[in-house]
Amino acid sequence: MNIGFFASHNGSNMQAVIDACKDGSLDANPSIVISNNGNAGAVKRAKKENIPYYIFNTTTYFSSVDLDNAMLNTLLQHEVELIILAGYMKKIGEKILRHYKGRIINIHPSLLPKYGGKGMYGTHVHEAVLKAGEKETGITIHIVDEEYDTGPIIAQTPISVTDDDTVDSLSKRVLEREHRFLVETIVKVVSEEINLEKL
Ligand code: GRF
C-alpha cells in the first residue's frame with residue numbers, strides 16, 4: 001500500500017510509520033510527504049529518508065481550488081492509496097476528500113470527541129485535559145471529513161493521567177504511545193482487519 005503523509009511540524013509519528021515500513025513490521029511504502037511548511041521537521045525527515053516531498057500552501061498556490069487540484073494530481077502521480085495526516089494543520093480540499101473518501105486518516109492526542117476541534121492541537125489539548133481534572137486521556141485515530149477531528153473513529157486507546165502530570169510529562173507520554181498506536185493501527189488497516197470502507 002502506498003502511503004502519502006501530510007505533516008506540518010516535527011513528523012515524529014510519520015517517522016514511526018516510515019521506520020515500521022523499513023523494518024518490515026508494516027507492509028507499506030512511504031510514497032510522498034506533503035507539507036504546508038517548508039521548515040517542518042517532517043520535510044527534513046523526508047529528505048533524509050529519500051522520500052519525495054512537496055510544499056503546498058497558499059504562497060505556492062494562491063487559489064485554494066488550484067491548491068486542491070495540484071495536491072490531488074501529485075497524490076495520483078505517486079499512486080498514493082492511503083493518506084495519513086500526522087500533525088497536519090490545514091483542512092483538506094474538497095477534491096482530495098472526494099477522491100480519497102474513507103482513505104484519509106488522522107491521529108489526535110485525546111479521546112475524541114473530547115478535546116478536539118479547531119484550536120485543539122499540540123499542548124492545548126493536554127492543557128485542557130489537565131485543567132478539567134481528567135483521570136484519563138488517550139489517542140484517537142479517525143477518518144477525515146471536512147471538519148476538524150469529527151470523522152468516524154477507527155481506533156482509540158486510553159492513557160492514565162497521574163496527579164503529578166504536567167503538560168510536558170503528559171505530552172511526552174501520549175506522543176510516545178502515539179508512535180506505537182499509529183503503527184499498530186495502520187498494520188490492521190493494511191491487513192484489512194480494520195476495513196475502512198465499512199466505517
Ligand atoms: C501528534 O500529537 C498528533 O496526534 C497530532 O499532532 C502531533 C504531531 O506530532 N495530530 P509529530 O509531528 O508527529 O511529532
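**Digging into the environment of Val17**
Stage number 1. Among the secondary structure elements, Val17 is positioned in helix H1 (residues 12–22).
Stage number 2. Since its relative accessible area comes to 0%, Val17 is described here as buried.
Stage number 3. Through-space distance from the C-alpha of Val17 to that of His99 is 23 Å; in sequence the pair is 82 residues apart.
Stage number 4. Those residues in contact with Val17, other than ones at most four positions away along the chain, are Ile3, Phe5, Leu26, Ile84, Leu182 and Val183.

**Section: the nonpolar core**
Stage number 1. Ranked by size, the top nonpolar core spans 42 residues in total, and within it Val17 and Ile84 carry the most contacts.
Stage number 2. The biggest single contributor to this core is helix H6 (residues 167–190), with 7 residues.
Stage number 3. Split by domain, this core shows at least three residues from each of two domains, domain 1 (1–100) and domain 2 (107–177).
Stage number 4. One finds Phe6, Leu67, Ala70 and Tyr88 within the second-largest nonpolar core, a separate group that totals 19 residues.

**Focus: the environment of Asn50**
Stage number 1. With respect to the secondary-structure elements, Asn50 resides in the loop between helix H2 (41–48) and strand E3 (53–55).
Stage number 2. A relative accessible area of 69% places Asn50 in the exposed class.
Stage number 3. Spatially, the C-alpha atoms of Asn50 and Ser31 are 9.9 Å apart, while their sequence positions differ by 19 residues.

**Some remarks on the domain arrangement of the protein chain**
Stage number 1. We note that the domain assignment places domain 1 (1–100) and domain 2 (107–177) within the protein chain.
Stage number 2. For domain 1 versus domain 2, the separation of C-alpha centres amounts to 22 Å.
Stage number 3. With 8 residues of domain 1 at the contact, the number on the domain 2 side is 8 residues.
Stage number 4. The contact between domain 1 and domain 2 buries some 750 Å² in all, and 65% of this surface belongs to carbon and sulfur atoms.
Stage number 5. For domain 1, the biggest contributors to the area lost against domain 2 are Met89, Lys91 and Leu97; these three give 58% of the whole.
Stage number 6. On inspection of domain 1 and its partner domain 2, the count reaches 1 salt bridge.

**Some details on the site of the ligand**
Stage number 1. Residues in close proximity to the ligand include Asn10, Gly11, Ser12, Asn13, Gly87, Ile107, His108, Pro109 and Glu178, which together make up its full environment.
Stage number 2. The separation between an oxygen atom of the ligand and a polar main-chain atom of Asn10 is 3.5 Å.
Stage number 3. When the ligand is considered free in solution it has 370 Å² of accessible area, and contact with the protein chains removes 82% of it.
Stage number 4. Of all elements in the fold, only H1 and strand E5 (104–108) reach the threshold of two or more residues within the shell around the ligand.
Stage number 5. When its residues are assigned to classes, the shell around the ligand shows 2 nonpolar, 6 polar and 1 charged.
Stage number 6. Each of domain 1 (1–100) and domain 2 (107–177) gives at least three residues to the shell around the ligand.

**Side note on helix H5 (residues 123–131)**
Stage number 1. Every buried residue of H5 is listed here: Val125, His126, Ala128 and Val129. Each buried residue of H5 sits inside an arc of 160° when the element is viewed along its axis, so together they form one side.
Stage number 2. Structurally, H5 contributes buried residues whose contacts are with E5, strand E6 (136–143) and H6.

**A few points about the packing of aromatic side chains**
Stage number 1. The full count for this structure, using the stated rule, is 3 aromatic pairs.
Stage number 2. Considering the side-chain rings of Phe6 and Tyr88, the 5.1 Å spacing of their centres and the 70° angle between planes classify their relative orientation as edge-to-face. With a gap of 82 residues between them, Phe6 in strand E1 (residues 2–6) and Tyr88 in the loop between strand E4 (82–85) and helix H4 (94–99) connect regions that are remote in the sequence.
Stage number 3. Assessed through its relative accessible area of 10%, Tyr88 is described here as buried.
Stage number 4. Among the aromatic residues, those joined into a ring-pair cluster are Tyr54, Phe56 and Tyr61.

**With respect to the side chain of Asn2**
Stage number 1. Structurally, the position occupied by Asn2 is in strand E1.
Stage number 2. Judged by its relative accessible area of 16%, Asn2 is buried.
Stage number 3. Reaching out from Asn2, the side chain makes a polar contact with the backbone oxygen of Glu79 at a distance of 2.9 Å.
Stage number 4. Beyond its immediate stretch of four places on either side in the chain, Asn2 contacts Asn29, Ser31, His78, Glu79, Val80, Glu81 and Leu82.

About the thresholds
- Residues numbered from 1 in each chain as written.
- Predicted model: local features only at pLDDT ≥ 70, side-chain atom pairs only at ≥ 80, totals over all residues.
- Heavy atoms only, no water.
- Helix = DSSP H or I, 4+ residues; strand = E, 2+ residues; numbered from the N terminus.
- Buried < 20%, exposed > 50% of the residue type's maximum accessible area, 1.4 Å probe, protein only.
- Contact = heavy atoms within 4.5 Å.
- Core = buried A, V, L, I, M, F, W, Y, C linked by side-chain atoms within 4.5 Å.
- Domains from an automatic or database assignment.
- Buried area = accessible area lost by both parts, 1.4 Å probe.
- Salt bridge = Lys/Arg side-chain N within 4 Å of Asp/Glu carboxyl O.
- Near = heavy atom within 4 Å.
- Polar contact = N/O pair within 3.5 Å; in protein donor to acceptor, adjacent residues only side chain to side chain.
- Areas by Shrake-Rupley, 256 points an atom, 1.4 Å probe, with all protein chains shown as cover.
- Nonpolar A, V, L, I, M, F, W, Y, C, P; charged D, E, K, R; others polar.
- Arc of directions from axis to C-beta.
- Phe/Tyr/Trp six-rings, centres within 6.5 Å; stacked < 30°, edge-to-face > 60°.

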